[in-house]
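What follows is the residue order along each chain.
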Amino acid sequence: MKTLQNQTILYDEDCPLCQVYTSAFVKTGMLDKNGRKPYNQINEKETAYLNLERAANEIALIDYKNKTVVYGIDSLLRIIGNSFPIIEKTGKIPPVNYLLKKLYSFISYNRKVIIPNGKTTETKLQCEPTFDLKYRIFYILFAICITTIVLFNCAEMMPYIPKSSYSREVFMAGGQILFQVCFLFNKDFKTIINYLGNLMTVSLYGCLLLIPILIINQFTEVNAAIALSWFAVTVLLIFMEHVRRIAIQQLPKYLSFTWVLYRIIALYLILNITL
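Note that the structure is a prediction, hence the values are computed from the model and not measured.

Calculation notes
Residues numbered from 1 in each chain as written. Predicted model: local features only at pLDDT ≥ 70, side-chain atom pairs only at ≥ 80, totals over all residues. Heavy atoms only, no water. Axes fitted to C-alpha atoms, helices over the stretch in contact; angles between N-to-C directions. Helix = DSSP H or I, 4+ residues; strand = E, 2+ residues; numbered from the N terminus. Parallel < 35°, antiparallel > 145°, perpendicular 65-115°, else oblique. Left-handed = near helix turned anticlockwise from the far one by under 90°. Contact = heavy atoms within 4.5 Å. Nonpolar A, V, L, I, M, F, W, Y, C, P; charged D, E, K, R; others polar. Buried < 20%, exposed > 50% of the residue type's maximum accessible area, 1.4 Å probe, protein only. Pairing = 2+ DSSP bridges.

Enquirer: Could you give an account of the packing of helix α11 (residues 224–249) against helix α12 (residues 254–272), naming the residues involved and the relevant values?
Expert: One way to put it is that α11 packs onto α12 with a least axis distance of 9 Å and a crossing angle of 150 degrees. Looking at the two axes, α11 sits roughly antiparallel to α12. Crossing hand, α11 versus α12: right-handed. Taken together, the residues of α12 that come into contact with α11 (itself represented by V235, I238, F239, H242, V243 and I246) are L255, S256, W259 and V260. The residue makeup of the contact of α11 with α12, split by class, is 8 nonpolar, 2 polar and no charged.

In structure tokens, the structure reads:
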């Protein structure tokens with residue numbers, strides 16, 4: 001790999017994904033041994049030409065020689081493009097660059113609900129993305145779509161469950177959101193939206209756990225007992241993940257039990273009412 005000299009990427013040390021790929025840049029030689037640095041260790045000299053708010057939203061690459069900074073997808077393209085110029089050239093084609101920036105923003109602005117970290121009282125500089133409602137809403141809608149598709153296909157494998165429909169699965173996913181919001185009436189709007197982002201991430205985790213059995217079922221019919229057991233284990237695991245996230249967000253523990261209550265109500269409706 002061709003090393004990009006005298007340039008350092010600032011990363012969110014509380015974001016496992018950020019840690020992995022910035023570390024990979026150093027290990028593969030794309031950046032030198034001083035090529036990555038936690039955002040909270042920025043010094044006064046660097047803040048002179050760094051936009052702190054933007055750097056929290058879009059990973060920043062500092063060029064110490066020219067005292068310039070590029071952000072987000074442009075910083076990643078510069079690092080990768082130094083070793084693979086064709087990737088940078090392709091990434092800078094206007095329509096491609098536009099889509100890459102939107103995808104990057106979608107992930108970056110939602111990274112704290114994808115992989116949350118606990119609230120801290122420390123005074124160190126925090127790499128906390130700006131709360132962006134449109135990207136959060138888009139993330140929630142995206143999660144609903146994925147959940148709808150996966151659960152629709154899973155319902156086809158479940159014995160004793162009436163034939164599903166996409167409208168039913170959308171109704172159930174949306175109903176979960178409305179049901180949980182009823183128990184957050186005393187919380188501020190941002191807290192509620194952040195919780196809903198975490199709620200839908202839990203659903204996405206469940207989808208990831210269910211996808212393997214859906215793939216297996218494409219090649220050989222999965223025994224009903226195995227399918228039910230797999231689904232039950234998935235529900236248990238995502239319940240535990242919901243409990244963990246509630247603790248991280250310092251929200252009432254009863255939200256995990258209302259989460260279960262909704263699923264019991266939903267199962268009753270599925271078994272007794274055709275949607």
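Enquirer: So what about the environment of A60? Which residues, and what values?
Expert: When you line up the elements, A60 lands in strand β3 (residues 60–63). Using a relative accessible area of 1% as the deciding quantity, one classes A60 as buried. Taking the C-alpha atoms as reference points, A60 and K134, 74 residues apart in sequence, are found 23 Å from one another. Setting aside residues up to four positions removed in sequence, A60 forms contacts with T8, I9, L10, L50, A55, V69, V70 and Y71.

Enquirer: A description of the sheet that holds strand β4 (residues 68–71) should follow, citing residues and the corresponding values.
Expert: Taken together, the 4 strands give an open sheet; going across it, the order is β2-β1-β3-β4, and neighbouring strands pair in mixed fashion. Every interior strand has two partners, whereas the edge strands, β2 (36–38) and β4, have only one. When the angles between neighbouring strand axes are averaged without regard to direction, this sheet yields 25 degrees. Bridge count between strand β1 (residues 7–11) and β3: 4 bridges; the pairing is antiparallel. For T8, the partnering residue across the bridge sits in β3 and is I62. Strands in contact with helix α1 (residues 16–27) are β1 and β2; relative to β1, the strand with the most contacts, it is inclined by about 165 degrees. Sitting on the sheet, helix α4 (residues 73–83) is in contact with β1, β3 and β4, with an inclination near 105 degrees to β4.

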